[in-house]
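# A look at the structure
So you can see what is in the structure, the chains are spelled out below.
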Amino acid sequence: MFDVPVLTGARRAQEAPAWVIRVADAADLAAYRAIRRDVFVGEQGLFAGTDHDDIDDDPRTVVLVAATAAGDVLGGVRLAPATARDIGWWTGGRLVVRRGARHAGGIGSALVREACREAVSRGVLRFDATVQERNEPLFRHLGWVRWGEAVIGGAPHVRMRWPIDRIADLVGAMKLPLGDVLAGIRDDHPEALGGDGWVGDDGALVSGTDVVVATDAILPALIDKDPEWAGWCGVLVNVNDLSAMGARAVGLMDAVSAATPSAVRRIVSGLRSAAVAWDAPILGGHTQLRGASSLAVTALGRTTAPIPGGGGRGGHRLGLTVDLHGRWRRGFEGRQWDSTSTRTGEELRHLAGLLAAHRPAAAKDVSMAGIVGTTAMLAEASGTGARIDVADIPAPPDVAFGDWLTCFPGFGMLTADAPEIPSPLAHSATIGELSAEPGVVLRWPDGVETRALDTDATGLGQA
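So, a few notes on the structure that sits alongside this text.

What counts, and at which threshold
Residues numbered from 1 in each chain as written. Predicted model: local features only at pLDDT ≥ 70, side-chain atom pairs only at ≥ 80, totals over all residues. Heavy atoms only, no water. Helix = DSSP H or I, 4+ residues; strand = E, 2+ residues; numbered from the N terminus. Buried < 20%, exposed > 50% of the residue type's maximum accessible area, 1.4 Å probe, protein only. Contact = heavy atoms within 4.5 Å. Core = buried A, V, L, I, M, F, W, Y, C linked by side-chain atoms within 4.5 Å. Pairing = 2+ DSSP bridges. Arc of directions from axis to C-beta. Axes fitted to C-alpha atoms, helices over the stretch in contact; angles between N-to-C directions. Parallel < 35°, antiparallel > 145°, perpendicular 65-115°, else oblique. Left-handed = near helix turned anticlockwise from the far one by under 90°.

Looking now at the overall build of the protein chain. Helix and strand content of the protein chain: 14 helices and 21 strands. Across its three principal directions, the C-alpha atoms of the protein chain cover 80 × 50 × 45 Å. The burial tally for the protein chain puts 52% of its 463 residues in the buried class. In the protein chain, the share of contacts with a sequence separation of at least 24, taken over all contacts with a separation of at least 6, comes to 76%.

Ranked by size, the top nonpolar core spans 41 residues in total, and within it Ile393, Trp404 and Ile431 carry the most contacts. Looking at which element gives the most residues to this core, the answer is helix H13 (residues 370-382), with six residues. Not counting residues up to four positions away in its chain, the partners in contact with isoleucine 431 are Leu318, Leu320, Ile371, Arg387, Ile388, Asp389, Asp392, Ile393, Pro394 and Leu414. Core analysis: the second largest hydrophobic core is formed by 36 residues, Trp229, Val239, Ala249 and Ile267 among them.

With that settled, the discussion passes to the pairing of strand E6 (residues 145-152). Relative to strand E7 (residues 155-162), E6 runs antiparallel, the two being bridged by seven bridges. Opposite valine 145, over in E7, you have arginine 161 as the bridge partner. Hairpin remark: E6 followed by E7, antiparallel, with two residues in the connecting loop; positive phi at glycine 153, about 60°.

Turning our attention to helix H11 (residues 345-352). Along H11, the residues that are buried comprise Gly345, Leu348, Leu351 and Ala352. For H11, the buried positions fall inside an angular range of 125° around the axis, keeping them on one side. Taken together, the buried residues of H11 touch helix H9 (227-244), helix H10 (261-277) and helix H12 (354-358).

This part covers the packing of H9 against H10. Contact geometry for H9 and H10: axes closest at 7 Å, N-to-C directions at 40°. It follows from the interaxial angle that H9 and H10 lie oblique. H9 and H10 meet at a crossing whose hand is right-handed. Touching Pro227, Glu228, Gly231, Trp232 and Val235 of H9 are Ala263, Arg266, Ile267, Ser269, Gly270, Leu271, Ser273, Ala274, Ala275 and Ala277, all from H10.

Residue leucine 193 is not a glycine yet carries a positive backbone phi of 55°. Along the chain, leucine 193 turns up in the loop between helix H7 (185-188) and strand E8 (204-205). We note that aspartate 279 has phi near 55°; this positive angle belongs to a residue other than glycine. Among the structural elements, aspartate 279 can be located in the loop between H10 and strand E11 (282-289).

Taking strand neighbours across the sheet as the criterion, the seven strands line up as E16-E18-E13-E19-E17-E20-E21 in an open arrangement whose pairing is mixed. Each edge of the sheet is formed by a strand with only one pairing partner; in this case those strands are strand E16 (362-365) and strand E21 (449-453). The average angle at which neighbouring strand axes cross in this sheet is 25°, direction not considered. Strand contacts of helix H5 (residues 166-174): strand E20 (440-443) and E21, with the helix running at about 20° to E21, the strand carrying the most contacts. The strands touched by H13 are strand E13 (317-322), E16, strand E17 (385-389), strand E18 (412-416), strand E19 (427-435), E20 and E21; relative to E16, the strand with the most contacts, the crossing angle is about 145°.

Next comes the structure, spelled out in structure tokens:
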């Protein structure tokens, strides 16, 4: 609950004291709680005796305070997860400014802004607050949106939410331009972009054969920062593409360029390690020395029963099968989960064969668009939307949920109309369903639904 005392009014003539906002230490916390008691119990009478609650006892709770250079606390605010398992839903509350500091240059507003920044930095995807009704205009001015009402301590309050567009921004940057960039190719040939029923798929069928082809490029920044990992990922992402279509990788081609022979050697080292692990030989390719960093890998796979990415239908259950083993890749924390480099080749090949053995109606491997963004791609290709039950998504412990939903997870497969897929190495769960309305909705444990994406992910349309 945000209980905001008077934060505005005529400015005093004297110069406002200097203050900064910081995460509270033990002394700050004691001072902040004393201010709360004075304002909420003594001045406003919202609580009898104390306003202390379970959130104060939650070790995950973060308290921010505004303090002078001398350490004098002028006000504070707290934020904390709303659920026992942190699923990216946090609430803010107990915003308070000391009686004598309410004209010291917008402390209340600054605390609210900093709480929003803190929430986003911690991977929060839904940030709510309950504020006194008379303070709604202030929060609206700061960008908050009203979504409900409540009565607390006999006083009218409104429920408000800080809009967090992390998922929409990621998809908008990485996937949404594709429809425009690739416009016209679909009309060039009946089999262009995979042909009807396969447009936007992870790989392409070679007509008249059982061959599936996938190609991926690796970003130059990744190559320069971690060449061996770039080579490994060049194979990994292609094998995942083939696995999502129910195909087994049988060979690889690569195009490698780097400024020096040693840099090329490091990239090739990663390629070789991955090729051996997945038992997919490097058949050939092209190597360029003294050039800009680049890497593209093509994988050849085989299947007699390919799985489409657009085979889902409204009402189909949405499944996620994901390997939670591993850790963040060093240097790519919050963006790339490394579940594969410490697996054996046998384990990796087991994971790669899971979908072929269970035949979902549709499947996509989780790409750099993350779990939600890739769900949007599967739904778009299927001509549907999707609802995701956030609390049902498997995730590693102690990982910020916003990071997990927007990262590349190493091995992750989204499926439609498939049973939960048993594996000793991967977690499988139903996380929602495909729906008639376009876009992706996140459904939270309190029954509230928030829209993660209002539109299709790529603009390529139904397969």
